[in-house]
Amino acid sequence: MKTILLIHGPNLNRLGDREPEIYGRTTLPEIETMMTARGRECRLAVRTFQSNHEGAIIDFIQGEQAAASGIIINPGALAHYAYALRDCLTAVACPVIEVHISNVHKREAWRRTSILAEVCTGVIGGLGVDGYLLALEYFREK
Ligand code: DQA
């Protein structure tokens with residue numbers, strides 16, 4: 001079975017009660033359960049990880065990437081400035097999909113730039129938690 005890494009960055013552990021008018025009411029454990037269950041239906045093993053620390057995310061990716069067929073990452077605000085994470089993602093062999101729950105282009109100007117997008121295979125934004133399922137669908141087709 002292929003392994004897909006589902007990674008969340010800073011503040012996404014607070015999904016559900018963090019600015020629900022922007023991010024909705026779905027919690028991170030609910031997203032992880034949804035993705036693990038959908039992964040099982042698609043014969044994909046989904047391994048989940050969340051950290052508020054860029055270095056911890058890099059450690060996780062470095063440790064897991066050799067066995068991974070894909071990465072789905074919502075980097076949170078790391079998307080906008082985290083060059084060490086960008087270097088890390090550049091060095092992985094598998095496709096990487098960046099997901100944002102909100103449409104970052106409709107919000108503050110500083111959110112419009114993702115320094116990670118350039119090194120990702122694709123980017124999904126503004127579709128709420130459905131964006132994660134669409135990213136998983138991409139890996140099912142592989
Ligand atoms: C986010 C968008 C980011 O700008 C923000 O910092 C987040 C969440 C999203 O899922 O819409 O933490 O990645």
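Quick note: structure is the one above.
The following refers to the structure shown. (Residues numbered from 1 in each chain as written. Predicted model: local features only at pLDDT ≥ 70, side-chain atom pairs only at ≥ 80, totals over all residues. Heavy atoms only, no water.)

### Brief notes about the pattern of salt bridges
We apply this condition: A pairing counts as a salt bridge when a side-chain nitrogen of Lys or Arg comes within 4 Å of a carboxyl oxygen of Asp or Glu. The helix count covers DSSP runs of H or I at least four residues long, the strand count covers runs of E at least two residues long, and both are numbered beginning at the N terminus. With a 1.4 Å probe rolled over the protein chains alone, any residue whose accessible area is under 20% of its type maximum counts as buried; one over 50% counts as exposed, and the rest are partly exposed.
With the rule as written, the count across this model stands at nine salt bridges. Two residues, glutamate 41 and arginine 38, come together in a salt bridge whose shortest N-O distance is 2.5 Å. Placement of both glutamate 41 and arginine 38 in helix α2 (residues 28-41) is noted, with a separation of three residues, approximately one turn of the helix. Overall, the relative accessible area of 56% leaves glutamate 41 in the exposed class. With a closest N to O distance of 2.8 Å, glutamate 137 and arginine 140 form a salt bridge. Separated by three residues within a single helix, glutamate 137 and arginine 140 lie in helix α5 (residues 130-140), roughly one turn from each other. The network of salt bridges with shared partners includes Arg38, Glu41, Glu137 and Arg140.

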